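If you want the building blocks of each chain, they are given just below.
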Amino acid sequence: MKIQNSPVSDRLPPNQQLAAPGKWPVVGEKAPAETNQPWSLTIDGQVCQSLTWTLEQLLAMPMQEITTDLHCVTRWSQYDLQFRGIPLLSLLEQANLQAPGKFAIFHARSDRNHTTSLPLADLGELKPWIVFYHNQQPIESRHGGPIRLLVEGRYLYKSLKWLERITITEEDQLGYWEGEAGYHNHGDPWKEERYFLPGLNHAQLKQAMESRDLANGKFSGLHAEGMNLSQLNAEKAILRNANFDRCQLTGANFSQSNLSNAKLRGADLRNVNFTSADLEGVDFRGADLRGADFTNASLIAATFTHQPGMEAADEWNPAQIDNTTKLPPEEELEEQLTPEQSHFLRCKF
Ligand SMILES: Nc1nc2c(c(=O)[nH]1)N[C@H]1C(S)=C(S)[C@@H](COP(=O)(O)O)O[C@H]1N2
Ligand SMILES: [Mo]
């Protein structure tokens with residue numbers, strides 16, 4: 001008797017359906033841009049040296065067999081697709097990435113200049129592939145051949161078809177689907193990170209982000225990691241659980257907003273207005289808080305520096321605070337924060 005690999009429930013992320021056996025739908029663009037240029041792959045941006053490989057050079061590299069499950073954000077999944085390709089990380093190593101590069105932007109050879117992106121910090125865990133063969137045959141053009149990105153552990157919109165260029169950047173650039181359809185920029189199917197903001201009208205969100213105006217709006221759970229949102233107006237906005245990690249937010253206005261449990265790690269928060277904001281449980285580690293104004297803000301259980309009990313893997317530098325940071329009075333901080341956090345802030349007074 002044939003033993004099943006594992007029960008379906010362990011393999012199917014929440015609210016996905018298994019496509020018919022052997023069926024692999026075509027989604028999004030159906031063909032690459034037409035050009036006579038031979039296929040190649042370039043890595044540029046924050047690298048010591050831009051590198052370009054011809055398709056022939058890529059195909060001559062040692063390859064590995066990959067068997068993987070695909071999960072499309074439109075709710076179909078398919079099990080056990082066979083690919084052959086090379087680890088993306090092996091190419092990035094050759095290109096010698098440089099600080100301050102933090103994101104990889106993937107560009108397709110496509111009429112609409114289709115892109116997607118991944119934080120470099122996630123690549124070690126994701127181990128993305130660049131694939132060339134499916135079932136021992138060159139990948140069909142409609143499925144992204146001859147050069148396709150394959151990102152296991154993310155919805156399939158992160159697996160760019162017709163990969164032609166990878167640019168290493170300091171700031172994230174929202175990909176085509178992430179921006180147009182409001183698909184989640186993290187996209188973990190196991191956490192069902194399908195949409196940026198469940199239940200929000202995406203045209204409205206896009207408009208709000210582009211005009212940097214979230215004032216009075218409800219954006220709980222917003223996932224804006226790495227975005228440039230300097231001078232953002234978020235006065236009186238509801239932003240519980242929002243993720244602004246590594247965002248550029250200089251001069252932003254969060255006055256009277258609710259940022260309970262939001263993540264602002266590694267964000268540039270210079271001269272941000274947090275007056276009268278609800279900052280309960282906010283994580284400010286690694287953030288630059290010079291010139292930020294916390295007058296009348298609630299900082300219950302906020303974090304500015306590593307707290308005993310936090311996982312070592314979750315290590316961030318302490319927040320940058322100096323005498324231009326306007327903190328609430330010492331007694332208030334002592335009441336609201338853990339001894340470690342208030343001690344850290346007290347040393348900055
Ligand atoms: N260049 C390009 N890559 C793309 C897309 C696209 O429209 N253009 N769509 C994405 C989406 S949303 C999905 S679900 C998969 C679909 O891949 P498939 O057509 O091979 O199933 O490709 C992803 N990569
Ligand atoms: Mo998709």
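Anything mentioned here points back to the structure above.
These numbers come from a predicted model, not from an experiment. (Residues numbered from 1 in each chain as written. Chains lettered and ligands numbered in written order. Predicted model: local features only at pLDDT ≥ 70, side-chain atom pairs only at ≥ 80, totals over all residues. Heavy atoms only, no water.)

Colleague: Can you walk me through the site of ligand 1 in this structure?
Modeller: In the neighbourhood of ligand 1, 19 residues make up the surrounding shell, with Pro-25, Glu-29, His-143, Arg-148 and Lys-161 lying closest. At 3.1 Å, a backbone N or O of Ser-159 approaches a nitrogen atom of ligand 1. Trp-177 is positioned such that a nitrogen or oxygen atom in its side chain is 3.1 Å from a nitrogen atom of ligand 1. Residue classes in the shell around ligand 1 are distributed as eleven nonpolar, four polar and four charged. (Near = heavy atom within 4 Å. Polar contact = N/O pair within 3.5 Å; in protein donor to acceptor, adjacent residues only side chain to side chain. Nonpolar A, V, L, I, M, F, W, Y, C, P; charged D, E, K, R; others polar.)

Colleague: Is there a simple way to think about helix α3 (residues 88–95) in this case?
Modeller: Residues three or four positions apart in an α-helix share a direction because the helix packs 3.6 residues into each turn. Among the residues of α3, Leu-88, Leu-91, Leu-92 and Ala-95 are the ones counted as buried. Relative to the axis of α3, the buried residues are bounded by an arc of 100° and lie together on one face. Two residues or fewer after α3 comes Asn-96, characterised by a positive phi angle close to 60°. (Buried < 20%, exposed > 50% of the residue type's maximum accessible area, 1.4 Å probe, protein only. Helix = DSSP H or I, 4+ residues; strand = E, 2+ residues; numbered from the N terminus. Arc of directions from axis to C-beta.)

Colleague: Help me understand the pairing of strand β11 (residues 163–169), please; the structure alone is not making it clear to me.
Modeller: Regular strands show a simple pattern: their side chains alternate between the two faces of the sheet. The buried fraction of β11 is high, at five of seven residues. The pairing of strand β6 (residues 103–108) with β11 spans six bridges and is classified as antiparallel. Looking across to β11, one finds that Ile-105 is bridged to Thr-167. (Pairing = 2+ DSSP bridges.)

Colleague: Which parts of the structure should I look at to understand the environment of Thr-295?
Modeller: Counting through the fold element by element, Thr-295 comes out in the loop between α6 (202–210) and α7 (330–336). Using a relative accessible area of 36% as the deciding quantity, one classes Thr-295 as partly exposed. Sequence-wise, Thr-295 and His-143 are 152 residues apart; in three dimensions their C-alpha atoms are separated by 55 Å. What Thr-295 contacts, discounting residues up to four positions off in sequence, is Phe-274, Thr-275, Ser-276 and Lys-326. At 2.5 Å, the side chain of Thr-295 and the side chain of Asp-293 are in polar contact. (Contact = heavy atoms within 4.5 Å.)

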